[in-house]
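Fold and geometry: a report
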Amino acid sequence: MSGEGLGAVPAVDPEEACQTAIDAGLVVHRAHPLNAETSISLLIGGVVMPNARFYVRNHFQIPNLEGASWRLEVGGLVERYHALSLAQLRAMPTQTAMVTLECAGNGRAQLDPPVPGEPWGLGAVSTAEWTGVSLAEVLDRARLKPSAREVVFQGADSGMVEGRAGVTSFERSLEVNQLRDTGALLAFAMNGEALPIQHGYPLRLIVPGWYAVASVKWLTRIQVISEPFSGYYQLDKYQYERDRDGQAEREPVTLQRVRSLIVEPQADQVLDPGETTIRGLPWSGAAPIARVEVSINGDRWQQATLVGERQRGRWQWWQLAARLHTAGSVTVRAKATDLAGRTQPDHPPWNAQGYGNNAVQETRINVRSR
Ligand SMILES: Nc1nc2c(c(=O)[nH]1)N[C@H]1C(S)=C(S)[C@@H](COP(=O)(O)O)O[C@H]1N2
Ligand SMILES: [Mo]
């Protein structure tokens with residue numbers, strides 16, 4: 001154990017955390033702090049990614065919190081201050097939701113020109129079934145004062161960051177009026193097990209439909225404030241930044257953009273000519289998926305069949321029976337559109353921090369000659 005960068009909170013041994021990730025088949029980008037992506041092909045059938053194979057994205061070392069002494073403080077502009085224990089939270093009415101978490105930096109490695117940041121491929125995304133209590137209910141019990149405008153969620157992890165003096169905690173906020181419809185959960189279980197330590201034990205926020213930066217792990221404090229929050233991970237990071245005609249543009253990262261992955265066949269797979277089933281996963285934070293279209297070798301877009309429940313903020317499957325008749329290298333492209341009318345761009349939308357790349361995925365396979 002080492003407490004480096006965490007003040008009073010002991011950290012999980014980084015070597016051990018890294019080895020566990022490698023053993024589970026994750027692709028490790030960085031060990032200190034641990035950042036590892038899912039091999040999407042490890043999702044065999046079903047919708048849920050097993051906990052050990054769920055991607056991990058950390059800004060600091062993983063804090064090792066003690067469940068028994070841990071408390072969730074709910075303070076600031078509330079009528080009734082709370083300090084809830086895990087047992088008290090578990091005794092409240094629980095909810096379970098299937099939610100897809102996607103890192104806003106997923107697909108950053110494809111940006112041209114390249115940008116700094118974790119070089120994620122397409123595996124900084126996974127889905128789990130989360131169980132916990134409704135955030136709205138906890139806030140209702142605390143009773144927000146009329147001046148309440150934003151709610152700040154603080155994690156137990158912290159460290160030094162560029163351009164800010166002293167130690168910075170991982171903190172994010174949501175506006176009070178954004179909270180109403182999000183269905184946000186304070187989750188203590190993931191796929192029916194206690195939240196694993198790297199995913200936020202003992203409690204994390206889950207904000208369905210939002211890029212996962214909003215889903216603060218190792219939650220220790222909820223602070224209600226009257227002004228826009230100006231924390232590092234709110235204002236400095238997680239902004240779409242671009243220059244348009246010499247004008248700097250900034251827009252906060254919020255909902256997941258519509259996107260689809262091709263899961264089968266995998267890149268560079270060699271297939272026999274004839275009929276094959278192409279499968280993948282579409283999701284969108286704004287609305288349920290309306291359709292997925294597939295183009296083989298640049299031919300006309302064919303509509304795939306959607307399988308499973310259609311819901312905002314959680315992936316489902318699509319599939320298409322396709323005939324492969326051209327021998328040699330063949331491209332497969334898949335494009336999702338959601339019920340809000342949003343669709344995927346052909347090329348990665350570039351921004352300086354490399355967020356929200358939801359470009360159409362192209363997979364190249366090889367078809368044997370007859
Ligand atoms: N406390 C805390 N919460 C956090 C983070 C973090 O570094 N610290 N990373 C965020 C980001 S950017 C992502 S993508 C998700 C990743 O969640 P996971 O590691 O469970 O996949 O957690 C979010 N919550
Ligand atoms: Mo992220």
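Conventions used here
Residues numbered from 1 in each chain as written. Chains lettered and ligands numbered in written order. Predicted model: local features only at pLDDT ≥ 70, side-chain atom pairs only at ≥ 80, totals over all residues. Heavy atoms only, no water. Helix = DSSP H or I, 4+ residues; strand = E, 2+ residues; numbered from the N terminus. Rg over C-alpha atoms; globule rule 2.2 N^0.38 Å. Buried < 20%, exposed > 50% of the residue type's maximum accessible area, 1.4 Å probe, protein only. Contact = heavy atoms within 4.5 Å. Salt bridge = Lys/Arg side-chain N within 4 Å of Asp/Glu carboxyl O. Arc of directions from axis to C-beta. pLDDT = per-residue confidence, 0-100. Polar contact = N/O pair within 3.5 Å; in protein donor to acceptor, adjacent residues only side chain to side chain. Near = heavy atom within 4 Å. Areas by Shrake-Rupley, 256 points an atom, 1.4 Å probe, with all protein chains shown as cover. Nonpolar A, V, L, I, M, F, W, Y, C, P; charged D, E, K, R; others polar.

1. Quick look at the overall build of the protein
In terms of regular secondary structure, the protein is built from five helices and 24 strands. Computed over its C-alpha atoms, the radius of gyration of the protein comes to 21 Å, within 12% of the 21 Å expected for a compact globule of 370 residues. Here the C-alpha coordinates of the protein stretch approximately 70 × 45 × 40 Å along the principal axes. Counting over 370 residues, the protein shows a buried share of 53%. The contacts of the protein with a sequence gap of at least 6 include a subset with a gap of at least 24, amounting to 70%.

2. Concerning the pattern of salt bridges
If you walk through the whole model with that rule in mind, you get 14 salt bridges. Between R141 and E137 there is a salt bridge, with its nearest N and O atoms 3.1 Å apart. With R141 and E137 both in helix α3 (residues 135-142), this residue pair falls four residues apart, about one helical turn. A salt bridge links R242 to E249; its shortest N-O distance comes to 3.4 Å. In this structure R242 comes out as partly exposed when scored by relative accessible area, which is 23%. Residue classification places E249 among the partly exposed positions, given a relative accessible area of 27%.

3. A closer look at helix α1 (residues 14-23)
Among the residues of α1, those classed as buried are P14, A17, C18 and A21. Axial view of α1: buried residues confined to an arc of 100 degrees, hence all on one face. With respect to the buried face of α1, the exposed residues turned more than 90 degrees away are E15, E16 and D23. Structurally, α1 contributes buried residues whose contacts are with β1 (27-30) and β2 (35-37).

4. Digging into the confidence of the model for the protein
Per-residue confidence for the protein gives a mean pLDDT of 95, with 98% of residues at or over 70. Predicted confidence for residues 1-5 stays below pLDDT 50, and this span has eleven contacts to residues more than four positions away or in other chains.

5. Concerning α3
In an α-helix, one full turn covers 3.6 residues, which means residues spaced three or four apart are oriented alike. Those residues of α3 not exposed but buried are L135, V138, L139 and A142. On an axial view of α3, the arc spanned by its buried residues comes to 95 degrees, and they lie on one face. For α3, the side-chain oxygen to backbone nitrogen distance between the N-cap and A136 is 3.2 Å, and the N-cap itself is S134. In the segment just after α3, R143 is the residue with positive phi, at about 60 degrees.

6. Comments concerning the site of ligand 1
In the neighbourhood of ligand 1, 19 residues make up the surrounding shell, with Y55, D157, H199, R204 and K217 lying closest. D157 is positioned such that a nitrogen or oxygen atom in its side chain is 2.6 Å from a nitrogen atom of ligand 1. Residue R204 places a side-chain N or O atom 2.7 Å away from an oxygen atom belonging to ligand 1. Here ligand 1, which alone exposes 540 Å², has 100% of that area covered by the protein. Of all the elements in the fold, those that place two or more residues in the shell around ligand 1 are β3 (56-57) and β8 (150-159). Class assignment of the residues belonging to the shell around ligand 1 gives a composition of ten nonpolar, five polar and four charged.

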